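# A structural walkthrough
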Amino acid sequence: MDTEAVRSFVRAAELGQLQHAADELGVTQQAVSKRIATLERELDVRLFTRTARGVELTLDGQAFLPHARSIVTGVDRAVTAIRPGSRALRIDVLGLRSAQAVVLHDYWRSHPETDLDVVTLRVNDPRLAVAAVQAGELDASFRSVTDPATLPRDVQMIHAFDSPLELLVGPRHPLASARTLTPTQLRRHRIWVPGIAPRSEWAEFYDQLATDFDLRVDAAGPNFGNEVLLDILADSADVATLVGSCDRYIWPTNHDLRRIPIVNPTLAYPLSLILPRENPHPGLRAVINHFGSLAPLPETVWRPSWAATPRPGGGPPPVEHT
């Protein structure tokens, strides 16, 4: 059924004249008349009778009108749900305690009028996030494709911000009393990062980090979640893990865990944003500007070779429009 024909019927029924319906819909009276005639043939009923004052509903037209209104309302709601600027800005983050979610929450606190929908796809392969952006299921995703040449032509990836790494240890660990640490000081210590998924961006990050600094990054064993990991760190004298400085972790006070910044160089996990190349959601511009307001990292920074280059001066990255 032609939904524009149904819309024309509804407006003609409500206004009582085909010309008034045509003026409101931005078409000719002849177009409205043809749409209604086609609808009548499809339904095999007469919907209107002509009068000197315009048109009046037949009994069949009166029975059809409330259903027709429901059809038009449903179509309008469906279009609104997917049209950028008329629906919530939908952004995918790796986790609700991740640095991406923390930064988005900071943005929303200063812009509470923003209609923001934060989701987690719970997929490890960034190509699946790219496909979701391409299909319009997401407006943007905090993922990195380590080979940008594989991105579809209608999708772009920009540098969002960097998340400096910290060493997280329990009170019995030999490095627990340090105020800062260098990558060299981490050598020979076991760094346990359970849940490194094959083909994920963080798998490539940790592979290159371990190679460049000769670190023992261990992903052995099942991942039972952050709570179990924190319990193990609290009781261990030789296990540590790496976390982002903005990542949100909560543990019991008696765990006495310590977060120790890594410096000289700062180890930066690069966070990128994947978004459509054409007609990105209008709300993305302000979010991206917020990234540019974040405190810059020190001059001495290590990033993996595939990281997108931040703009000089820490300004917001450009969004391409074609």
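Heads up: these notes are all about the structure in this document. Keep in mind that what you see is a predicted model, and the values were worked out from it rather than measured.

### Topic: the packing of aromatic side chains
Applying the stated criterion across every chain, the model contains nine aromatic pairs. Look at Phe 9 and Phe 64: their rings are 5.3 Å apart centre to centre, the planes differ by 45°, and that puts the pair in the tilted class. Here Phe 9, found in helix H1 (residues 3–15), pairs with Phe 64, found in helix H4 (residues 59–82); they are 55 residues apart in sequence, far enough to count as distant. Owing to a relative accessible area of 0%, Phe 9 belongs among the buried residues under this scheme. Seen from their ring centres, Phe 142 and Phe 161 are 6.2 Å apart, and the 70° between their planes marks the pair as edge-to-face. Taken together, the positions of Phe 142 in the loop between strand E5 (140–141) and strand E6 (155–169) and Phe 161 in strand E6 put the pair 19 residues apart, joining distant regions of the chain. Relative accessible area serves as the criterion here: at 1%, Phe 142 is assigned to the buried category. In textbook terms, an aromatic cluster arises when at least three aromatic residues are bridged by ring pairs, as seen for Phe 205, Tyr 206, Phe 213, Tyr 269 and Trp 302.

### A short note on the layout of surface pockets
Where empty space is left can be seen by rolling a probe of water-molecule size over the atoms. In this model, the largest pocket occupies a volume close to 1100 Å³. Leu 94, Gly 95, Ser 98, Asn 226 and Tyr 249 are, among the 36 residues lining the largest pocket, the residues nearest its centre. Put simply, the parts of the chain that give the lining of the largest pocket at least two residues each are helix H5 (99–110), E6, helix H7 (201–213), helix H8 (226–235), strand E9 (239–244) and strand E11 (266–276). With four residues, E9 is the single largest residue contributor to the lining of the largest pocket. The class makeup of the residues in the lining of the largest pocket is 18 nonpolar, 12 polar and six charged.

The rules behind these values
- Residues numbered from 1 in each chain as written.
- Predicted model: local features only at pLDDT ≥ 70, side-chain atom pairs only at ≥ 80, totals over all residues.
- Heavy atoms only, no water.
- Phe/Tyr/Trp six-rings, centres within 6.5 Å; stacked < 30°, edge-to-face > 60°.
- Helix = DSSP H or I, 4+ residues; strand = E, 2+ residues; numbered from the N terminus.
- Buried < 20%, exposed > 50% of the residue type's maximum accessible area, 1.4 Å probe, protein only.
- 1 Å grid on protein atoms, 1.4 Å probe; cavity = no way out; pocket = protein on both sides within 12 Å on 5 of 7 lines; lining within 4 Å.
- Points joined across faces, edges and corners; volume = space filled by probe spheres on them.
- Nonpolar A, V, L, I, M, F, W, Y, C, P; charged D, E, K, R; others polar.

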